[in-house]
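The lines below spell out each chain.
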Amino acid sequence: MFSFAAYSYPKSESYKEILLSSIITGLLIYIFLIVFQPFGTESFRHQYKYLLLFPYSVIFGSAFFAADLSIIRFRDWNIGSELLKVTGILFSASILSYFYNTFFISHVTLSFGNYLYMFLYCLALGIPISTIYILSRYIYLKRTNEKTAEEVSRQLADHNNTIVVRLNKELNISAHNTDLQISEENFICAQSMENYCSIYFSENGQLRKLVVRISLSNLLGQVQTDSVKRCHRSYIVNLNHVKSLKGNAQGYRLYLSDIDFEIPVSRSFISLIIPKLRSLKG
């Protein structure tokens, strides 16, 4: 159970995406209310019945928008975090829905018992809609990222079969009694390990690994070029060494021809890395 909750889940990264998904969620709530008319809605009689039901979609859509907006700066996100977010959304939406129903529709006395009924109604309505929201977002991102990864991988394969890029810039790395000079062409990647970085590079046709006491941000300041970029909070990669790209709902992973491990691309770096791969290899 706990291992399932720890599985990473893609959260919204752009304001446009947050706004669009919130509007769609709110509209799904409204469609559900007018089509199925649950929780006594069918027996509710009013000249402007469907107009009075619309604010519920605004309430739920606003709750999703506020929640997604508040977590946009979080780096690590998983299924457990997403479930807690949805629980908070349903709780806040139930409070707003309760006050709206009390003052504008039912005109009943404020009481905890009446709120409890509204909370249960919101759970019954919100859980299936939230499930649709979570699964559809996961499937959409999975398909989109897989398609993009396939396209970029084909470009990489075509590039590797036709031309080899020559990079002559010298990268000078200096840190704690270590002075290393590597050509940009020979620099492969770097991995952060707390206060140390493992630097992978080729020398005389052989793969070498050097552990240096330096932060990844400090190292990036010394090695960053048009092709050497940070792609994750723990990785710097030379994009000219990328041989293929794999995509899933969580994002992308880079595969390099010279090393035997994959390198993740954080969602916050996707907008930089993917276009750069296309431009370098296209």
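The model shown is predicted, which means the values in this text are computed figures rather than measured ones. (Residues numbered from 1 in each chain as written. Predicted model: local features only at pLDDT ≥ 70, side-chain atom pairs only at ≥ 80, totals over all residues. Heavy atoms only, no water.)

### As for the packing of aromatic side chains
Inspection of every chain in the model, using the stated rule, returns 12 aromatic pairs. Aromatic side chains Tyr98 and Tyr115 sit 5.7 Å apart centroid to centroid with 75° between the ring planes, which places their arrangement in the edge-to-face category. One end of the pair, Tyr98, is in helix α4 (residues 79-106); the other, Tyr115, is in helix α5 (residues 112-162), and 17 residues separate them in sequence. (Phe/Tyr/Trp six-rings, centres within 6.5 Å; stacked < 30°, edge-to-face > 60°. Helix = DSSP H or I, 4+ residues; strand = E, 2+ residues; numbered from the N terminus.)

### Concerning the pattern of salt bridges
The tally for this structure, following the rule as stated, stands at six salt bridges. Between Lys142 and Glu146 there is a salt bridge; the shortest N-O distance is 2.7 Å. Here Glu146 and Lys142 lie together in helix α5, a separation of four residues that amounts to about one turn. One continuous salt-bridge network, built from bridges that share partners, spans Asp68, Glu82 and Lys85. (Salt bridge = Lys/Arg side-chain N within 4 Å of Asp/Glu carboxyl O.)

### Description of the pairing of strand β7 (residues 235-238)
Each regular strand shows side chains that alternate between the opposite faces of the sheet. Here β7 shows two buried faces, one formed by Tyr235 and Val237 and the other by Ile236 and Asn238. Two strands pair when backbone bridges link them, and strand β3 (residues 187-193) and β7 are joined in this way by three bridges, in the antiparallel orientation. Residue pairing in the sheet places Gln191 in a bridge with Tyr235 of β7. In this sheet, β7 lies alongside strand β6 (residues 228-232) in antiparallel orientation, the contact comprising four bridges. When the sheet's bridge partners are listed, Lys229 is paired in β7 with Val237. Here β6 folds back onto β7, and the loop between the two strands holds two residues. (Buried < 20%, exposed > 50% of the residue type's maximum accessible area, 1.4 Å probe, protein only. Pairing = 2+ DSSP bridges.)

### Focus on helix α6 (residues 216-223)
Residues of α6 that are buried: Leu216, Leu219, Leu220 and Val223. On an axial view of α6, the arc spanned by its buried residues comes to 105°, and they lie on one face. (Arc of directions from axis to C-beta.)

### Here we look at the sheet that holds strand β10 (residues 263-265)
If you walk across this open sheet you meet the three strands as β8-β9-β10, and the pairing is antiparallel. Looking along the sheet, the strands with just one partner apiece sit at the ends: β8 (242-248) and β10. The sheet shows a mean angle of 30° between the axes of neighbouring strands, direction not considered. By the bridge criterion, three bridges tie strand β9 (residues 251-256) to β10 in an arrangement that is antiparallel. Looking at β10, one finds that Tyr252 is bridged to Val265. (Axes fitted to C-alpha atoms, helices over the stretch in contact; angles between N-to-C directions.)

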